[in-house]
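Structural overview
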Amino acid sequence: MNHINYIQKTEEHVVIIEINRPNHLNALNSELILELEKSLDEISHQKEIRSVIITGTGDKAFVAGADIKEFKDFGIKQGLELSQVGKQKLFNKIAFFNKPVIAAINGYALGGGLELALSAHIRIATENAQLGLPECSLGLIPGYGGTQRLPRIIGLGLAKEMILTGKMIKANEAHAIGLVNHIFPKEELIEKTIKIAKSFNTKSPESLCAAIKSINHSFNKDGDSIESHEFSKLFKTTNFKEGVSAFLEKRKPIFNK
Ligand code: CAA
């Protein structure tokens, strides 16, 4: 089954991955997670693609969560596997992806759907988007990294309120608390998101990859040391030589892919 559309914008060096299960509000089932994993693995090696946009089809949902119908009869062992495999195959893969990943939230981003957006490096939303982690209402907690990533983005107090109440918040509130970086009208979402992606694409790809890795460790005790190592490794790249030469020669850098 094909649950994703893959739209390559060759000139812009951007790929748009559209999650396509509109009858289930794009809920993530295991097949879809595998398809996304495969697609990301391929993109990670494609030098001509410099950034990735993940969005949902239709104008109702980005992703309304993990597929509840799929896990309704699970026990402890399967629950653990659901969480661990999902993180390994998709959520952590996005968080540590070697190119910038932008979540373009075009409607509901709930549960695993918001966790997917939290794994991305930045989040952009339409005016009608609604975001929440309703897992406690199902007798669960967020299992795809939501309890870890949400507090890092919006702070402990607001994250606890969102998770413990399970309430949905609208795009303007999400923007006010820094959960989404920008809000655009729905008809402009992709065009404006591509514009942001293009501004990443003018930078050295090795720098972007190293910055993502270092920032991801900013709350870990070894974050400082990871930053120094990532920083030092860049000195051997031709893109570093180009960036510095361009500055000294008062011109724009032309980075290798
Ligand atoms: N899983 C499976 N199916 C889902 C789904 C989900 N997360 N969300 C929506 N759907 C399905 C509905 O069952 C429905 O299917 P049928 O037509 O076959 O009944 C279809 O999508 C349309 O949904 P609704 O009729 O419910 O649409 P609505 O407009 O009335 O409500 C909604 C929209 C408020 C988003 C509601 O669908 C909803 O609350 N969805 C569930 C949200 C949720 O709890 N997400 C968290 C999942 S748990 C999780 O993600 C665990 C984790 O961290 C790992």
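Bear in mind the structure is a predicted one, so any value in this text is a computation, not a measurement.

Let us now look at the site of the ligand. The environment of the ligand is made up of 23 residues, and the closest members are K60, A66, G112, E115 and E135. Contact distances for the ligand include 2.9 Å between an oxygen atom and a backbone N or O atom of A66. Taken by itself the ligand offers 980 Å² of open surface, and the protein chains cover 66% of this. Every element with two or more residues in the shell around the ligand is listed here: α2 (68–71), β6 (108–110) and α4 (112–119).

The next thing to look at is the sheet that holds strand β9 (residues 169–170). Judged by pairing direction, the sheet is mixed, and its 4 strands sit side by side in the order β4-β6-β8-β9 without closing on themselves. Of all the strands in the sheet, the pair left with one neighbour each is β4 (61–63) and β9. When β4 meets β6, the two strands line up parallel, connected through 2 bridges. Note on β6: the bridge partner recorded for A61 is Y108.

Let us look at the sheet that holds strand β3 (residues 51–56). Across a sheet, strands are paired by hydrogen bonds formed along the backbone, either parallel or antiparallel in direction. Taking strand neighbours across the sheet as the criterion, the 6 strands line up as β1-β2-β3-β5-β7-β10 in an open arrangement whose pairing is mixed. At either margin of the open sheet sits one strand with a lone partner, and together these are β1 (4–9) and β10 (182–184). Taken pair by pair, the neighbouring strands of this sheet meet at an average axis angle of 20°, ignoring direction. As paired elements, β1 and strand β2 (residues 14–19) share 6 bridges and run antiparallel to each other. Within β2, the position partnered with Y6 by the bridge is I17.

Turning next to unusual backbone geometry. Leaving glycine out, the prevailing phi sign among residues is negative, and the prevailing peptide bond configuration is trans. Phi is positive for L25, which is not a glycine, with a value near 50°. Within the element layout of this structure, L25 appears in the loop between β2 and α1 (30–45). Positive phi is not limited to glycine here, since N26 has a value of about 60°. Inspection of the secondary structure puts N26 in the loop between β2 and α1. Judged by its relative accessible area of 0%, N26 is buried.

Moving on to the nonpolar core. Ranked by internal contacts, the top residues of the largest apolar core, which has 45 residues, are I54, F62, I105, L116, L131, L150 and L179. Broken down by element, this core gets its largest block of residues, 5 residues, from α1. Look past the residues within four positions of L150 in its chain and what remains in contact with it is L118, L133, G155, A159, M162, I163 and L179. With 12 residues, the next largest nonpolar core counts V14, I16, I102 and I196 among its residues.

Definitions and cut-offs
- Residues numbered from 1 in each chain as written.
- Predicted model: local features only at pLDDT ≥ 70, side-chain atom pairs only at ≥ 80, totals over all residues.
- Heavy atoms only, no water.
- Near = heavy atom within 4 Å.
- Polar contact = N/O pair within 3.5 Å; in protein donor to acceptor, adjacent residues only side chain to side chain.
- Areas by Shrake-Rupley, 256 points an atom, 1.4 Å probe, with all protein chains shown as cover.
- Helix = DSSP H or I, 4+ residues; strand = E, 2+ residues; numbered from the N terminus.
- Pairing = 2+ DSSP bridges.
- Axes fitted to C-alpha atoms, helices over the stretch in contact; angles between N-to-C directions.
- Buried < 20%, exposed > 50% of the residue type's maximum accessible area, 1.4 Å probe, protein only.
- Core = buried A, V, L, I, M, F, W, Y, C linked by side-chain atoms within 4.5 Å.
- Contact = heavy atoms within 4.5 Å.

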